[in-house]
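Listed here are the chains, written in short residue letters.
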Amino acid sequence: MKPRLNFMETAGAVMVLGLAVVAIFAPLLAPHDPARAVAASFGDPWPPSRAFPLGADQLGRDVLSRIIYGARISLIVGVAAMAITLAIGVAIGLAAGFLGGAVDSLLMRFTDVMLTMPALLLAMALVTVLQPGLLTVLLVIGLVSWTQVARVVRAEALSISRRDFVLAARALGATRTRLIVRHVAPNVMPIIVVMAALGVSGTLLLDAGLSFLTLGVPPPTPSWGRMIEESTAYFRTAPWLAIFPGLAILYAVMGFNLLGHGYLRRRRRDASTR
Amino acid sequence: MNSHVESTARPMRARAAVAALALAIFFPACRAGSPAPVFPPGAQVLHLASLDDIPTLDPAAGYDVDSWMFEQMIFDTLIRYSDSGVDLVPDIAASWTASPDSTVFTFHLRRGVRFSNGRAVASADFKYAIERVLDPKTRSKGMEYYRGIVGAADFVAGRAKSVAGIETPDPWTIVFRLSAPDPIFPHKLAMPFAAAVPREVVARYGEDFSRHVVGSGPFMLRQWIGGQRIVLVRNPDYFVKGVPRLDGVVEAIGVNEDLQWFRFETGAIDLSAIPPAVFPYVIKTPRLKALTMRIVTMTTRYLGMNCQMPPFTDVRVRRAMNYAIDKRKLVAVINGRGIPANGVLPPSLPGYDPDLRGYPYDPARARALLEQAGYPHGFTATVWLPADQTMMVLAQSVQQDLALVGVQLKLKPVGFAPLLDAIRQPNTVPLFFSGWEADFPDPANFLDVLLSRAQWGANNDSWFYDPRFDALLAQAKPLADPVRRFALYRQAQRIAVADAPWVFLYFPVTWQIRQPWVHGLALNPMRPTRLDRVWLSPHPKPQ
Amino acid sequence: MLAYVVRRIFFGLIVLAGASLITFTIAYVMPADPAVAVAGAKADPQTLAVIRRQLGLDQPLYIQYAHYVDRALHGDLGRSYIRREAVTGLILSRFPATALLAATAIALSLLLGVAAGALAAAYRDRALDNWLLVAALMLVSMPVFWLGTLLLIGGGLYLRWFPLGGFDGPLSLVLPTLTLALGSAAYYSRILHASLAEALDQDYVRTAIGKGLSRRAAILRHAMPNAILPLVTIAGLDFAGLLSGVVLTETVFNWPGLGRLAFEAVFNLDLPLIMGTVLFSAALVVAANLLVDLLYAWLDPRIELGASRD
């Protein structure tokens, strides 16, 4: 990898760093407790004012503080669920691509089955089965989004395992596990890095969708998706309740997207100038 | 998906592909939606809108407000409630008598009542309707209400071809014999489950009867397109002369409260719910406030505590919970559309106890009680609730209040069915949000059904048991005299409130708004609004 | 050719069987008794027992599954527990609304996507290209339900041009269509941009440009025909996905489509309806895959049928 980042990568990195800073220092940055009633706006949300810069919701809570604290759960869900997605996807992709034969066709048929199932419905059903909570959300997102990763990793693994150095290692008597760990895995790393960055943005959107359907991480944990969901009853008189958390989601997802696409763009440039 | 963004090209015959795709795209667009029936100019048509589709129009199947609203327009029962109250009045039965011990009930039917297919309604149609509800194959939710009839058990078990305790000596008389005294049995005949249905039509359509309903009520089904609209038209042969006054009722389906309000403002619908966002504005605007109607429903919302699961085994903890929750704030969160609850029985219910004080908001007292019970620093508990928007918001308000006395509430939002199932398992659900809507205007429908030992594993979801309470219920149950009956129930309720198996939250108040040209409308505290006497004065036609 | 189609249909059926098995398993390990869902909040235990027996829920799971598959093969997807209507009928009654929305959304996203992609390629590496990229990234970074809510606030509430949701005339189609189309248009524009860029780098196109062919003509005449194929593939598959309903957009706009139906089914634990909607969606996706492959083969004879697509 070249050390010099392009503009998109820089912007993405700055945005993601900013998100991380807000998440880590939320207690210092937030003016109020995000779960407590601090305004008497019960049943009739308040517009932005000096005391409550982004308004107060129908339960008397400060919207700004909730958005600041919401960065925490978003970052945790985004990164952890992406890690689970990658773990499942890479394991299945490597196994299929490298072991081949019956294992490959079995795993790929299974992937086909998963791909034909509507992801959000599957996620909803799984949340119902597993009971709502942070761990459930992570697991469910992982379980419904690994297919793409598995397919890409399998394709890469297939092409790499036919290359000379792998064939040579095999001829020298290397075991399959050793081959995967020492040779194939490092070579699929770049593509995995890209999928990780883009995976986080996908994950964030899926989490927001689940929260919007009241199936995300339960309160009092402030979550941006749920904030939008709770605001829908008031969207005609208090649109700010929906607009600000949406901007927060947009910001976070955009940060990771810039990182991923920036990297892809640089790699393509590098390839075409080679 | 995003990882696809960088992709490779392959050569092709592009134009043909675009054409093929365009064809594939626009083909399904050619048919969508069917036209609404057209009413002649000047027809009196009431326009409504609702979010959810009507679950069913089959009286044996429906058990919810939306289904009942339409079922009571299409079908008739022997007796019914008055438009705005819960007193029983004649419907198809012109008169009825009860034996002194409340075990035999005799109904005398009007002559000349006809189903909309032209056939005369006879006593056998009511017998058939109830047998259909009892038949296991129908899977009716109303089965339990008619099990007390003599011979019902044999019929359900398949040992008898008909229910021996329902006699039809002639087409205009029907007699019910019960195996035990039940003074509120006539109320069970006022439920849509017991409405007359024509056997020949049910036989023809089977489970699809819901889509092809034929009844004797003031309206008939004209069109019902799932998820879009339902249209009823006037039954010209309805047995009450001059009723209904409307020529038709059109309900648009899939319209949420916000959209309803928008359509109400443009005059496109005649009745509307008032969405939370505009409620404060409506109340502040005299012109609009004058068009609102409100009624305290026979419903109690509560936070149930499982009396068999620690720490809620301790009555001090249960009372502390009652003192810790700010019911006025809770009601404010729902725009004041509720009355803070003082006990189990709602104020519109006969037998209500106005002198009962209940639990005021008193966090200091809650903390003291928790300390006495051995929880000086509070505790953590999980509350189960249905995952819908209003419930989640209410739960968060309660969560805020309890945090102030040291009780950390974890929310467990689940689907409706898993919630119902879990609540019925012992030692599973420590805390839950729930509510009860009256089926009959009688305290037994709350106290017996929700808090007696016999209902453990069924509707006694707080697993409450107090022998003194149960003894009072047993004494009250067979009494037909309201004064003695209600006095006993009043005593029983006092025990329940002192034992505090629930946090008594609030009694919901229903608000509706009508256009100035809508007349003759009355809200009912227990049943959906009836439309048979509604009429419209001349008004501008919406665009 | 025929052998290939038969083989693909066979594999498609296997995939469907897998999907049905997974759904069935999930549905039945749900921590709830479907009979409770059917009987409602107030039912007494006796009523529950009767309903459980009537629905065959007291039989072992594998027998229930076998019954289900047997009936499904005869075209009977059962009756909804809650609505008591035939599942096939319910699905078909919601399908027109969904199909209409899916069709307009795909058409608009292709239109916008192709236009933006071509524009970006024409101005490759210049300011416009970069701005289009940023705009596209922003659109794919928005939660669809938020975009929908914004459009409602803007187009419905402030401008009052469009209804605030519901399925009622052509105007009601505009906002949900935009909601669905903007995101995928952004995505399509990037795909097209990438393939156009690659096509423009081909030697013969470079030569043509070197000989004085305008960049616009090069894109329209030479690069576009080749570049649009992958887009058709993806759009075809997306279309199948849209046809099976879009829960979030339908929720925001109260659209009476399959997505809401499926959502209600999961929420109410209406097992036959859950199974029915999932199988219907899966069948659409399988069919779309097959169609796209056949279309590919027909359009480009060089593609060998039967070769693995991945």
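Residues numbered from 1 in each chain as written. Chains lettered and ligands numbered in written order. Predicted model: local features only at pLDDT ≥ 70, side-chain atom pairs only at ≥ 80, totals over all residues. Heavy atoms only, no water.

(A) Expanded view of the overall build of chain B. Scanning chain B for helices and strands turns up 17 helices and 20 strands. Taken against the 2.2 N^0.38 rule, which gives 24 Å for 543 residues, the C-alpha radius of gyration of chain B at 27 Å falls within 12% of a compact globule. Reported as C-alpha extents along the three principal axes, the dimensions of chain B are approximately 80 × 75 × 55 Å. For chain B, the proportion of its 543 residues judged to be buried stands at 62%. Within chain B, counting contacts between residues at least 6 apart in sequence, those at least 24 apart form 70% of the total. Total accessible area on chain B is roughly 20,900 Å²; 55% of this is exposed by carbon and sulfur atoms. Looking at chain B, you have 58 positive and 49 negative side-chain charges, and the mean spots of the two groups are 3 Å apart. (Helix = DSSP H or I, 4+ residues; strand = E, 2+ residues; numbered from the N terminus. Rg over C-alpha atoms; globule rule 2.2 N^0.38 Å. Buried < 20%, exposed > 50% of the residue type's maximum accessible area, 1.4 Å probe, protein only. Contact = heavy atoms within 4.5 Å. Areas by Shrake-Rupley, 256 points an atom, 1.4 Å probe, with all protein chains shown as cover. Lys, Arg positive; Asp, Glu negative; His and termini not counted. Charge placed at Lys NZ, Arg CZ, Asp CG, Glu CD.)

(B) Up close: the nonpolar core. Counting residues in hydrophobic clusters, the biggest one holds 305 residues, and the most contacted among them are B:L46, B:Y146, B:I149, B:F176, B:L303, B:M321 and B:L531. Per-element accounting of this core gives the leading share, 15 residues, to helix 3 (residues 63-99) of chain A. Apart from the residues lying within four places of it in its own chain, the contact partners of B:L46 are B:L246, B:G248, B:V249, B:V250, B:D270, B:L271, B:V518, B:L531, B:V534 and B:L536. Within the second largest apolar cluster, 46 residues are counted, among which are C:I106, C:A136, C:I191 and C:F239. (Core = buried A, V, L, I, M, F, W, Y, C linked by side-chain atoms within 4.5 Å.)

(C) View of the pairing of strand 12 (residues 292-296) of chain B. All names here are of chain B. Of all 5 residues making up strand 12, 4 are buried, and the element is well covered by its neighbours. For strand 12 and strand 18 (residues 502-514), the ladder comprises 5 bridges, and the chain directions are antiparallel. The partner of T292 across the bridge, within strand 18, is I513. (Pairing = 2+ DSSP bridges.)

(D) Structural view of the packing of helix 9 (residues 224-231) of chain A against helix 13 (residues 389-404) of chain B. Contact geometry for helix 9 of chain A and helix 13 of chain B: axes closest at 10 Å, N-to-C directions at 110°. In this view, helix 9 of chain A runs roughly perpendicular relative to helix 13 of chain B, as classed from their interaxial angle. Helix 9 of chain A and helix 13 of chain B meet at a crossing whose hand is left-handed. Taking contact as the criterion, the partners of A:R226, A:E229 and A:E230 in helix 9 of chain A are, on helix 13 of chain B, B:Q389, B:M392, B:V393 and B:Q396. In terms of residue class, the contact of helix 9 of chain A with helix 13 of chain B is built from 2 nonpolar, 2 polar and 3 charged. (Axes fitted to C-alpha atoms, helices over the stretch in contact; angles between N-to-C directions. Parallel < 35°, antiparallel > 145°, perpendicular 65-115°, else oblique. Left-handed = near helix turned anticlockwise from the far one by under 90°. Nonpolar A, V, L, I, M, F, W, Y, C, P; charged D, E, K, R; others polar.)

(E) Focus on the packing of aromatic side chains. All names here are of chain B. If you walk through the whole model with that rule in mind, you get 32 aromatic pairs over all chains. Summarising the aromatic geometry, the rings of W96 and F107 are spaced 6.2 Å apart at their centres and angled 20° between planes, so their arrangement reads as stacked. Taken together, the residues span a long stretch of sequence, with W96 in strand 4 (residues 93-98) and F107 in strand 5 (residues 104-109) at a distance of 11 residues. Taken together through their ring pairs, the aromatic side chains of Y63, W68, Y145, Y146, F193 and F440 make up a single cluster. When the ring centre of W224 is taken as origin, the NZ or CZ atom of R211, which lies over that ring, is 3.9 Å away. Note that R453 overlies the ring of W456, its terminal NZ or CZ placed 3.8 Å from the centroid. (Phe/Tyr/Trp six-rings, centres within 6.5 Å; stacked < 30°, edge-to-face > 60°. Lys NZ or Arg CZ within 6 Å of the ring centre and 35° of its normal.)

(F) Molecular detail of the interface of chain A and chain C. At the junction of the two partners, chain A supplies 42 residues and chain C supplies 44 residues. Summed over both partners, the interface of chain A with chain C comes to about 3,900 Å²; 80% of that surface belongs to carbon and sulfur atoms. At the junction of chain A and chain C, the tally comes to 0 salt bridges. There are 2 residue pairs in polar contact (both at pLDDT 80 or more) connecting chain A and chain C. (Buried area = accessible area lost by both parts, 1.4 Å probe. Salt bridge = Lys/Arg side-chain N within 4 Å of Asp/Glu carboxyl O. Polar contact = N/O pair within 3.5 Å; in protein donor to acceptor, adjacent residues only side chain to side chain.)

(G) Inspection of unusual backbone geometry at higher detail. In this model, B:V243 is joined to B:P244 through a cis peptide bond whose omega is -5°. Mapped onto the elements of the fold, B:P244 is located in the loop between strand 9 (229-234) and strand 10 (248-253). B:P310 connects to B:P311 through a cis peptide bond whose omega is 0°. Within the secondary structure, B:P311 sits in the loop between strand 13 (299-305) and helix 10 (315-324). Backbone geometry places B:N427, a non-glycine residue, at a positive phi of 50°. As for its position among the elements, B:N427 is in the loop between helix 14 (416-423) and strand 17 (431-437). For B:N427, a relative accessible area of 52% translates into the label exposed. Of note, the phi angle at C:N254 is positive, near 50°, even though the residue is not glycine. Within the secondary structure, C:N254 is located in the loop between helix 11 (247-253) and helix 12 (258-268).

(H) Up close: the pairing of strand 15 (residues 380-386) of chain B. Residues and elements named next belong to chain B. Extensive coverage of strand 15 is indicated by the burial of 5 of its 7 residues. Bridging between strand 15 and strand 16 (residues 408-414) involves 7 bridges; their strand directions are parallel. Looking at the pairing, V383 lines up with L411 of strand 16. Regarding the hand of the β-α-β motif, the stretch spanning strand 15, helix 13 and strand 16 is right-handed. Where strand 15 lies against strand 17, 2 bridges are found, and the strand directions are parallel. Within the sheet, the bridge partner assigned to W384 lies in strand 17 and is F432. (Right-handed = clockwise from strand over helix to strand, strands pointing away.)

(I) Here's a closer look at the side chain of B:K412. With respect to the helices, strands and loops of the structure, B:K412 is situated in strand 16. No salt bridge is formed by the buried B:K412; the nearest opposite charge belongs to B:D421, separated by 12 Å. Setting aside residues no more than four positions away along its own chain, B:K412 makes contact with A:Q131, A:P132, B:T382, B:V383, B:W384 and B:L385.

(J) Examining the confidence of the model for chain C more closely. Residue and element names in this part refer to chain C. Taken as a whole, chain C shows an average pLDDT of 82; of its residues, 95% reach a score of 70 or greater. Taken together, the stretch residues 306-310 has pLDDT below 50 and engages in 7 contacts with residues farther than four places along the chain or on a different chain. Complex prediction metrics read pTM 0.84 and ipTM 0.83. (pLDDT = per-residue confidence, 0-100.)

(K) Molecular detail of the sheet that holds strand 9 of chain B. Residue and element names in this part refer to chain B. Taken together, 4 strands build an open sheet; the order of strands is 1-10-9-8 and the sheet is mixed. What marks the edges here is a single partner per strand, and that holds for strand 1 (45-50) and strand 8 (219-225). For this sheet, the mean inter-axis angle between neighbouring strands, taken without regard to orientation, is 15°. Across the sheet, helix 2 (residues 65-74) is in contact with strand 1, strand 8, strand 9 and strand 10; its angle to strand 9 comes to roughly 25°.

(L) Highlighting empty space enclosed by the protein. Within the structure shown, the criterion is met by 11 cavities of 30 Å³ or more. Empty space within the second largest cavity amounts to approximately 140 Å³. Residue lining of the second largest cavity: 14 residues in total, with B:L51, B:G254, C:R94, C:R260 and C:E264 positioned closest to the centre. (1 Å grid on protein atoms, 1.4 Å probe; cavity = no way out; pocket = protein on both sides within 12 Å on 5 of 7 lines; lining within 4 Å. Points joined across faces, edges and corners; volume = space filled by probe spheres on them.)

(M) View of the sheet that holds strand 4 of chain B. Residue and element names in this part refer to chain B. With antiparallel pairing, 4 strands are arranged side by side in an open sheet as 4-5-7-6. Strands with a single pairing partner mark the edges of an open sheet, and in this sheet they are strand 4 and strand 6 (166-170). Strand-to-strand twist in this sheet, taken as the mean axis angle between neighbours without regard to direction, amounts to 20°. Two elements, strand 6 and strand 7 (residues 173-177), share 3 bridges in a ladder whose sense is antiparallel. Residue pairing in the sheet places I166 in a bridge with F176 of strand 7. The strands touched by helix 3 (residues 123-134) are strand 5, strand 6 and strand 7; relative to strand 6, the strand with the most contacts, the crossing angle is about 165°.

(N) Structural detail: the pattern of salt bridges. Residues and elements named next belong to chain B. Applying the stated criterion to the full structure yields 24 salt bridges over all chains. Of the charged contacts, one joins R119 and D125 as a salt bridge, the two residues approaching to 2.8 Å between their closest N and O atoms. D125 sits in the buried class, given a relative accessible area of 6%. Across the pair R485 and D442 runs a salt bridge whose closest N-O atoms are separated by 2.9 Å. One end of the pair, R485, is in helix 17 (residues 482-499); the other, D442, is in the loop between strand 17 and helix 15 (444-451), and 43 residues separate them in sequence.

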